[in-house]
Amino acid sequence: MNRTIVLIGILLGALAIILGAFGAHGLEKLVDASSIETFEVGVRYQMYHALFLLFLGIWPNLAEVHKKRVFTLIVVGVLLFSFSIYLLALNSLTSFDFKSIGFLTPIGGVFLILGWVFLGYFVLKAKGMKEVE
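Let me begin by describing the structure that accompanies this report. Predicted model only: the values in this text are computed from it and were never measured. (Residues numbered from 1 in each chain as written. Predicted model: local features only at pLDDT ≥ 70, side-chain atom pairs only at ≥ 80, totals over all residues. Heavy atoms only, no water.)

1. What about the overall build of the chain?
Here is step 1 of the chain: Of regular secondary structure, the chain possesses four helices and zero strands.
Here is step 2 of the chain: C-alpha extents for the chain along the principal axes are approximately 55 × 25 × 25 Å.
Here is step 3 of the chain: Across the chain, contacts joining residues at least 24 apart in sequence account for 75% of those joining residues at least 6 apart.
Here is step 4 of the chain: Here the chain has roughly 8,000 Å² of accessible surface; of this, 69% comes from carbon and sulfur atoms.
Here is step 5 of the chain: Of the charged side chains in the chain, 10 are positive and 8 negative; the average position of the first set lies 13 Å away from that of the second. (Helix = DSSP H or I, 4+ residues; strand = E, 2+ residues; numbered from the N terminus. Contact = heavy atoms within 4.5 Å. Areas by Shrake-Rupley, 256 points an atom, 1.4 Å probe, with all protein chains shown as cover. Lys, Arg positive; Asp, Glu negative; His and termini not counted. Charge placed at Lys NZ, Arg CZ, Asp CG, Glu CD.)

2. Considerations on the nonpolar core
Here is step 1 of the chain: Core analysis: the largest hydrophobic core is formed by 18 residues, its most contacted members being Phe 52, Leu 53, Leu 56, Val 70, Phe 71, Ile 74 and Leu 119.
Here is step 2 of the chain: Those elements that place two or more of their residues in this core are α1 (2–26), α2 (33–58), α3 (64–89) and α4 (104–125).
Here is step 3 of the chain: With seven residues, α3 is the single largest residue contributor to this core.
Here is step 4 of the chain: Core analysis: the next-biggest nonpolar cluster, separate from the first, contains 10 residues, Val 31, Ile 36, Val 43 and Tyr 86 among them. (Core = buried A, V, L, I, M, F, W, Y, C linked by side-chain atoms within 4.5 Å. Buried < 20%, exposed > 50% of the residue type's maximum accessible area, 1.4 Å probe, protein only.)

3. Some words on a nonpolar patch on the surface
Here is step 1 of the chain: Among the surface-exposed residues, Phe 22, Leu 30 and Leu 93 lie close enough to one another that they form a single nonpolar patch of about 260 Å² accessible area.
Here is step 2 of the chain: With respect to the helices and strands, the residue Leu 30 is situated in the loop between α1 and α2.
Here is step 3 of the chain: A relative accessible area of 47% means that Leu 30 is categorised as partly exposed. (Patch = residues over 30% accessible without salt bridge, like charges linked within 9 Å, V, L, I, M, F, W, Y side chains within 5 Å. Salt bridge = Lys/Arg side-chain N within 4 Å of Asp/Glu carboxyl O.)

4. Thoughts on the side chain of Ser 84
Here is step 1 of the chain: Turning to its location among the elements, Ser 84 is positioned in helix α3.
Here is step 2 of the chain: Assessed through its relative accessible area of 3%, Ser 84 is described here as buried.
Here is step 3 of the chain: Discounting chain neighbours no more than four positions away, the residues touching Ser 84 are Leu 79, Ile 101, Leu 104 and Thr 105.

5. Details of the environment of Gly 57
Here is step 1 of the chain: When you line up the elements, Gly 57 lands in helix α2.
Here is step 2 of the chain: Residue class for Gly 57 comes out buried when judged on its relative accessible area of 6%.
Here is step 3 of the chain: Sequence separation between Gly 57 and Leu 73 is 16 residues, and the spatial gap between their C-alpha atoms is 14 Å.
Here is step 4 of the chain: Non-local contacts of Gly 57, meaning those with residues more than four positions away in its chain, are made with Asn 2, Ile 5, Val 6 and Lys 67.

Shown next, in the form of structure tokens:
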């Protein structure tokens, strides 16, 4: 499981860099400044959570079942939150109105929050963890 978590973290991080470069250099002639800013929010949160997954995957003091639960919440959250933001930011480029899926963004945000809350809960309840001094 740890390898999967780290690999998904790496994949999401690399994709965030690619999408960030696309947003900074490829979108400026296609969409307005507000849409670029919106796109960048999705990239930023994706990168935060890619780093979160790297941390989660290498942390030895958390039970695998707990890691899996947090991992699932974070990945679903990134997919719903960041990817719905990407689609909303690019809405003017397609004939499909992505505003109809705008409800996915806050649902993704809830998944991300739950991932953090569950991690905090599992850390508080973990037995045998050393205190950081």
